[in-house]
Amino acid sequence: QVQLVESGGGLVQAGDSLRLSCAASGRTFSSYSMGWFRQAPGKGREFVAMIRSTAGITYYADSVKGRFTISRDNAKNTVYLQMNSLKPGDTAVYYCGAVRGSRSATDSNDYDYWGQGTQVTVSS
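Parameters at a glance
Residues numbered from 1 in each chain as written. Predicted model: local features only at pLDDT ≥ 70, side-chain atom pairs only at ≥ 80, totals over all residues. Heavy atoms only, no water. Buried < 20%, exposed > 50% of the residue type's maximum accessible area, 1.4 Å probe, protein only. Helix = DSSP H or I, 4+ residues; strand = E, 2+ residues; numbered from the N terminus. Pairing = 2+ DSSP bridges. Axes fitted to C-alpha atoms, helices over the stretch in contact; angles between N-to-C directions. Salt bridge = Lys/Arg side-chain N within 4 Å of Asp/Glu carboxyl O. Phe/Tyr/Trp six-rings, centres within 6.5 Å; stacked < 30°, edge-to-face > 60°. Core = buried A, V, L, I, M, F, W, Y, C linked by side-chain atoms within 4.5 Å.

S.K.: Give me the lowdown on the pairing of strand β4 (residues 32–39), citing residues and values where you can.
M.R.: Of all the 8 residues making up β4, 7 are buried; the element is thus mostly covered by neighbouring parts of the structure. With 8 bridges connecting them, β4 and strand β9 (residues 92–100) associate as antiparallel partners. If you follow Met34 over to β9, its bridge partner there is Ala98. Looking at chain direction, β4 and strand β5 (residues 46–51) are connected through 5 bridges and run antiparallel.

S.K.: Talk me through the sheet that holds strand β8 (residues 78–83); I want residue IDs and the actual numbers.
M.R.: If you trace the 4 strands from one edge of the open sheet to the other, you get β1-β3-β8-β7, paired in antiparallel fashion. Bordering the open sheet on either side are β1 (4–7) and β7 (68–73), each of which pairs with just one other strand. Taken pair by pair, the neighbouring strands of this sheet meet at an average axis angle of 15 degrees, ignoring direction. Two strands pair when backbone bridges link them, and β1 and strand β3 (residues 18–24) are joined in this way by 4 bridges, in the antiparallel orientation. The partner of Glu6 across the bridge, within β3, is Cys22.

S.K.: Account for the pattern of salt bridges, with residues named and values stated.
M.R.: Evaluated as defined, the whole model comprises 6 salt bridges. Arg103 is the partner of Asp110 in a salt bridge, and the nearest nitrogen-oxygen pair spans 3.7 Å. Relative accessible area serves as the criterion here: at 26%, Asp110 is assigned to the partly exposed category. Members of the salt-bridge network, linked through shared partners, are Arg38, Glu46, Arg67 and Asp90.

S.K.: Lay out the pairing of β8 in plain terms, naming residues and giving numbers.
M.R.: Burial runs high along β8: 5 of the 6 residues are buried. Pairing between β3 and β8: 6 bridges, direction antiparallel. Note that in β8 the partner of Leu20 across the bridge is Leu81. As defined by bridge partners, β7 adjoins β8 across 6 bridges and the pair is classed as antiparallel.

S.K.: Summarise the packing of aromatic side chains; cite the residues concerned and give the values.
M.R.: If you walk through the whole model with that rule in mind, you get 5 aromatic pairs. Aromatic pair Phe37 and Phe47: ring centres 5.6 Å apart, planes at 70 degrees, arrangement edge-to-face. With Phe37 in strand β4 and Phe47 in strand β5, the pair connects residues that are 10 residues apart, well separated along the chain. Each member of the pair, Phe37 as well as Phe47, carries the same accessibility label: buried.

S.K.: Tell me about the nonpolar core, residues and numbers included.
M.R.: Counting residues in each nonpolar core, the largest one holds 35 residues, and the members touching the most others are Leu4, Met34, Trp36, Val79, Leu81, Met83 and Tyr94. Those elements that place two or more of their residues in this core are β3, β4, β5, β7, β8, β9 and β11 (118–123).

S.K.: Got a sec to walk through the environment of Pro41? Specific residues and values, please.
M.R.: You can see Pro41 is positioned in the loop between β4 and β5. With 50 residues separating them along the chain, Pro41 and Thr91 place their C-alpha atoms 9.2 Å apart.

Given below as structure tokens:
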């Protein structure tokens with residue numbers, strides 16, 4: 001069992017930056033690939049970024065490529081999402097997910113565990 005707790009969300013203005021964190025419980029964090037998804041009101045859960053458990057290979061949605069950076073610190077059991085040049089369209093609840101193994105999982109159905117989410121609101 002893995003428990004995930006997101007933090008770092010908030011209200012910012014367009015062009016600002018935020019760093020989200022997702023802290024995981026358990027001693028097997030390094031064996032999980034980790035992803036960030038987001039969900040805006042009335043919309044489905046959308047892939048944002050993920051990082052594989054091995055080699056630090058990353059994947060990004062086209063909408064955030066060049067602005068967001070995902071990283072992980074296995075010693076701290078934490079995955080991060082650095083978000084720069086934020087836009088009002090980035091407003092959503094951001095969720096952290098964990099999937100076993102080294103996978104390129106961009107579908108939310110692939111994930112085994114989820115956090116409770118953290119709200120990010122970007123004003124124009």
